[in-house]
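# Structural features, examined
One letter stands for each residue in the lines below.
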Amino acid sequence: MELKPGSRWKSLVCSTEAVVVRSPSQPVTLECGGVQMIAHTATGVPAAGAPELMKGTQVGKRYLDTDTALELLCVKSGEGTLSASGRLLPMKDAKRLPASD
Amino acid sequence: MRISLLLDMATESFADRVALGTQGDGLSYAQLRVAALNARRAIEQHPGRVAYLGLNSRSFAVALFASSLAGRPFVPLNFRLTDDVLTRLVERTAPCVLVVDDDMADRVPEIAGVVRVPRTAFEALYSDGTPSEGESDGDDAAILLFTSGTTGEPKAAMLRHSNLLSYVISTIELGSAEEDEAALVSVPPYHIAGISALLTGTYAGRRIVYLPVFSAEDWISLAAAESVTHAMVVPTMLQRIVDELELQGRGLPALRTLSYGGGRMPLSVVQKAMRVLPHVDFVNAYGLTETSSTIAILSPDDHRTASSSSDEMVAKRLGSVGKPLPHLELQVRDHQGNVQPPGSPGEVFVRGEQISGEYVGHKTVRDDGWFPTKDMGWLDADGYLFIEGRLDDVIVRGGENISPGEIEDVLRSHADVADAAVFGSPDDQWGERIVAVVVRRGTVSESVLRDLVRQQLRSTKTPDAVHFSDSLPYNETGKLLRRELRKQYR
């Protein structure tokens, strides 16, 4: 799966959707609830998530794969947990710039 | 993905927070989204774009997001233009739905392909109905903004959804605003600052209060009444607000952050603002329409550090526009395209996902993504960007490049000078000669002012002539209109 910046992916196990903010340095398989995610415009068969991978994602939060620098922005919350090739993606610390608008 | 995604995410995360208006009577994010979905239905019944001719209002916000949901470019128009220029712009925008303030509807005649919707009708239509979800196919162009060109017809700058989304998502975290935050927006809806204020306010979850027509007194009253915590102003607005606060002998205790941009900010105005509002965080935001607004920021800490520093290089930074945003690349290049070392002036180039540089029909952004801003500037050793002015405003006198801003700052430093403008005038001997027009508040003479510049800068930067006038021509967002002066003082 080509994780280009700006590409949008959806979960088959829950309502989670995420956008790639930064591409991975090597190919990874993006998963939610342990199941490979599909392109946002594609249709797929809903699946059951692995129980230990249903900790939830939060809209607006960023998730980072430290191994490959893949960064995702969750644009829709859901019950599944995001992972990249089996590695769980922790939430990234939010760093803010002063408001300019 | 479109800019309506920002509203989707805001609604998912904090649906009942007030998006627009007062705490008691405002529109929540959920309600704003429903209104936009309702309006989308109406838009989809006609082909083409969505034009907006009116003041800042809920209809502006609804129309912007509705256009995005419908996949149609949104085109806010400058209501300060003359009727015939406006008519030409509407003709260029057609086919379109034209949402227009009731009292502006007569300004443009019936035009084929233009479906006119007065504001009261638009309000009725978005307040009613059962919205249908789902994304429509559509244009990648999110916004078209006609820029006031120096020659000929205005160009239509095009901003893609990806440009605007990149800017918002790179600089703001969803819902990062505290619940008590409120932003006062007085910059016009047809200006990039007005558009980005709506988008960043929505994503941050910061309530927006509009002041549709600016006056310093009204701005201050509204800021106090609504316990406004954030605001964005253009230089002339800041000057008037600060003068009025001083006159009224008051402060604004709820105000936390005041951002300014959209034109050159005289040092004296920033310094006075920091004195009159000592608890406020000031932010200088530099950007262009073509760059989806801000590309460099002088932070509140930068303001304070520069203000209190005895190190000349640091103190000077109060007159800079700060550091480029971390996710962008910025270079200063000479006219041959070579990257300049720190301290050497040249044209500012910038590259990044939020940068457009595209117009309807042509683009100035290079194929490698670098965008020539046509602003002249330089970077100091620590990466702070100083903007000298537009490349077009540079005076070439006897083969020497002279930037008017530097001379204007010196003139303004005189106690008797309220304002000053410097420009080049054709000259057979020098190519161009330096002309200054000064607004006086005392009786200082031309020769005293010329001596002042000669002492502080160089003899070659001394104005060849100094004229006096009651006022200088500015546009409504505070940009000095040097071309008007060039015409007047030929």
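Each remark here, short or long, concerns the structure printed above.
Residues numbered from 1 in each chain as written. Chains lettered and ligands numbered in written order. Predicted model: local features only at pLDDT ≥ 70, side-chain atom pairs only at ≥ 80, totals over all residues. Heavy atoms only, no water.

## Brief notes about the overall build of chain B
So the rule is basically this: In this text, helices come from DSSP runs of H or I with a minimum length of four residues, and strands from runs of E with a minimum of two, each type numbered from the N-terminal end. To get the radius of gyration, use the C-alpha atoms; to get the globule rule, take the number of residues to the power 0.38 and multiply by 2.2 Å. Burial status follows relative accessibility: with a 1.4 Å probe on protein chains alone, a residue under 20% of its type maximum counts as buried, one over 50% as exposed, and anything between as partly exposed. Computed with a 1.4 Å probe, the accessible areas rest on the Shrake-Rupley method; for each residue, only the protein chains presented here act as cover. When charges are counted, neither His nor the chain ends are considered; positive counts come from Lys and Arg and negative counts from Asp and Glu. In this description, the location of a charge corresponds to atom NZ of lysine, CZ of arginine, CG of aspartate or CD of glutamate.
Assigned secondary structure in chain B consists of 15 helices and 26 strands. At 23 Å, chain B has a C-alpha radius of gyration in line with the 23 Å of a compact globule built from 490 residues. Its C-alpha atoms give chain B principal-axis dimensions of about 70 × 50 × 40 Å. Here chain B, with 490 residues, has 56% of them falling under the buried criterion. A total accessible area of about 19800 Å² is found for chain B, and carbon and sulfur atoms account for 47% of it. Between the averaged position of the 49 positive side-chain charges in chain B and that of its 66 negative side-chain charges there is a distance of 3 Å.

## With respect to empty space enclosed by the protein
Condition: Computed over the protein atoms alone on a 1 Å grid, cavities are sets of points where a 1.4 Å probe fits but cannot get out and pockets are open sets with protein on both sides within 12 Å along at least five of seven lines; a residue lines them when it has an atom within 4 Å of a point. Grid points are joined across faces, edges and corners, and a volume is the space filled by probe spheres set on the points. Residues are sorted three ways: Asp, Glu, Lys and Arg are charged, Ala, Val, Leu, Ile, Met, Phe, Trp, Tyr, Cys and Pro are nonpolar, and all the rest, Gly among them, are polar.
Inspection of every chain in the model, using the stated rule, returns three cavities of 30 Å³ or more. Estimates place the volume of the largest cavity at around 60 Å³. Asp101(A), Ala183(B), Leu184(B), Val185(B), Ala197(B), Thr200(B), Gly201(B), Arg206(B), His230(B), Ala231(B) and Met232(B) are the residues that line the largest cavity. Taken together, the residues of the lining of the largest cavity sort by class into six nonpolar, three polar and two charged.

## Looking at the interface of chain A and chain B
We apply this condition: The contact criterion used is simple: two residues touch if any of their non-hydrogen atoms lie within 4.5 Å. Buried surface area refers to the total accessible area, computed with a probe of radius 1.4 Å, that the two partners give up upon joining, counted for both partners together. Each salt bridge in this description consists of a side-chain nitrogen of Lys or Arg and a carboxyl oxygen of Asp or Glu lying within 4 Å of one another. Polar contacts here mean pairs of N or O atoms no more than 3.5 Å apart (in protein, one a potential hydrogen donor and the other a potential acceptor; neighbouring residues in sequence count only if both atoms are side-chain atoms).
Taken together, the contacts link 19 residues of chain A with 30 residues of chain B. Taken together, the two surfaces of chain A and chain B that pack against each other cover about 2000 Å², and 58% of this comes from carbon and sulfur. The tally of links from chain A across to chain B stands at one salt bridge. The partner of Glu173(B) in a salt bridge is Arg62(A), with the nearest N and O atoms 3.0 Å apart. Taken together, chain A and chain B are joined by three residue pairs in polar contact (both at pLDDT 80 or more). Sort the elements by how many residues they give to the side of chain A that touches chain B and strand 7 (residues 70–76) of chain A lands first, with four residues.

## Considerations on the state of the cysteines
By definition, a disulfide links the sulfur atoms of two cysteines through a covalent bond. All names here are of chain A. Under the convention used in this document: Count a disulfide wherever a pair of cysteine sulfur atoms falls within 2.5 Å.
Applying the stated criterion across every chain yields a total of zero disulfides over all chains. Between cysteine 14, a cysteine without a disulfide, and cysteine 32, which holds the nearest cysteine sulfur, the sulfur-to-sulfur distance is 3.8 Å. Between cysteine 74, a cysteine without a disulfide, and cysteine 32, which holds the nearest cysteine sulfur, the sulfur-to-sulfur distance is 8.3 Å.

## Observations regarding the sheet that holds strand 8 (residues 82–84) of chain A
Residues and elements named next belong to chain A. The following threshold applies: Here, a strand pair is defined by DSSP locating no fewer than two bridges between the strands.
The four strands are arranged 4-3-8-9 in an open sheet whose pairing can be described as antiparallel. Looking along the sheet, the strands with just one partner apiece sit at the ends: strand 4 (35–36) and strand 9 (87–88). Direction of pairing for strand 3 (residues 30–32) relative to strand 8: antiparallel, over a ladder of three bridges. By the bridge assignment, glutamate 31 is partnered in strand 8 with serine 83.

## Quick word on helix 2 (residues 29–43) of chain B
Using the following cut-off: One less than the number of residues in a helix, times 1.5 Å, gives the span that helix is expected to have.
Its 15 residues give helix 2 of chain B an end-to-end C-alpha distance of 21 Å, which sits within 8% of 21 Å, the value for a rise of 1.5 Å per residue. All of the buried residues along helix 2 of chain B are Tyr29(B), Leu32(B), Arg33(B), Ala35(B), Ala36(B), Leu37(B), Asn38(B), Ala39(B), Arg40(B) and Ile43(B).

## Let's talk about the packing of aromatic side chains
All names here are of chain B. Our working definition: When the centres of two rings from Phe, Tyr and Trp lie within 6.5 Å, Trp using its six-membered ring, the rings pair. Their planes under 30 degrees apart give stacked, over 60 give edge-to-face, and anything left gives tilted. Criterion for a charge above a ring: Lys NZ or Arg CZ within 6 Å of the ring centre, and within 35 degrees of the ring normal.
For the structure on display, the rule yields eight aromatic pairs over all chains. Residues phenylalanine 60 and phenylalanine 74 carry aromatic rings whose centres are separated by 5.8 Å and whose planes lie at 50° to one another, so their mutual orientation is tilted. Separated by 14 residues along the polypeptide, phenylalanine 60 in helix 3 (residues 58–70) and phenylalanine 74 in strand 4 (residues 74–76) bring together distant segments of the chain. On the accessibility criterion, phenylalanine 60 (0% relative accessible area) is buried. Each ring, one from phenylalanine 122 and one from tyrosine 126, has its centre 5.5 Å from the other, and the planes form 75°; the classification is edge-to-face. One end of the pair, phenylalanine 122, and the other, tyrosine 126, are both in helix 5 (residues 119–126), four residues apart, so they sit about a helical turn from each other. Looking at phenylalanine 122, the relative accessible area reads 3%, which means it is buried. Taken together, the ring pairs connect Tyr52, Phe60 and Phe74 into an aromatic cluster. Over the face of the ring belonging to tyrosine 359 we find lysine 155, whose NZ or CZ atom lies 4.6 Å from the ring centre. Over the ring of tryptophan 430 we find arginine 397, and its NZ or CZ is 4.1 Å from the ring centre.

## Points about the sheet that holds strand 17 (residues 346–351) of chain B
Residue and element names in this part refer to chain B. Threshold: Angular values range over 0 to 180 degrees, each being the angle between N-to-C directions of two axes fitted as lines to C-alpha atoms, with helices fitted over their stretch in contact.
Ordered by their spatial adjacency, four strands build an open sheet running 16-17-20-21, and the pairing between neighbours is antiparallel. Edge positions in the sheet fall to strand 16 (329–333) and strand 21 (385–390), since each has one partner strand and no second. Averaged over all pairs of adjacent strands, the angle between their axes in this sheet comes to 45°, without regard to strand direction. Note that strand 20 (residues 371–379) and strand 21 share five bridges and pair antiparallel. From the neighbouring strand, leucine 379 faces strand 21, where its bridge partner is leucine 385.

## Comments concerning the packing of helix 2 of chain B against helix 3 of chain B
Residue and element names in this part refer to chain B. Let me state the cut-off plainly: Should an angle fall under 35 degrees it is taken as roughly parallel, and over 145 as roughly antiparallel, whereas 65 to 115 is taken as roughly perpendicular and any remaining angle as oblique. Here is the rule for handedness: rotate from the far helix to the near one, and if that takes an anticlockwise turn smaller than a right angle the crossing is left-handed, while a clockwise turn gives right-handed.
Orientation of helix 2 relative to helix 3, taken along the N-to-C sense of each, is 60°, at an axis distance of 8 Å. Here helix 2 is positioned oblique relative to helix 3, judged by the angle of their axes. In the packing of helix 2 onto helix 3, the handedness of the crossing is right-handed. Residues Leu32, Ala35, Ala36, Leu37, Ala39, Arg40 and Ile43 of helix 2 pack against Ala61, Val62, Phe65, Ala66, Ser67, Leu69 and Ala70 of helix 3. A class-by-class count of the residues in the contact of helix 2 with helix 3 yields twelve nonpolar, one polar and one charged.

## Considering the nonpolar core
Residue and element names in this part refer to chain B. Note the following rule: What makes a nonpolar core is a set of buried Ala, Val, Leu, Ile, Met, Phe, Trp, Tyr and Cys residues whose side-chain atoms join them at distances within 4.5 Å.
Ranked by internal contacts, the top residues of the largest apolar core, which has 112 residues, are Leu64, Ile143, Trp219 and Leu258. A per-element tally of this core places helix 3 first, with nine residues. With residues up to four places along the chain from it excluded, the contact list for leucine 64 reads Ile3, Phe74, Ile143, Ile195, Leu198 and Leu199. Judged by nonpolar contacts, the second largest core, of 23 residues, contains Cys96, Leu98, Val100 and Met158.

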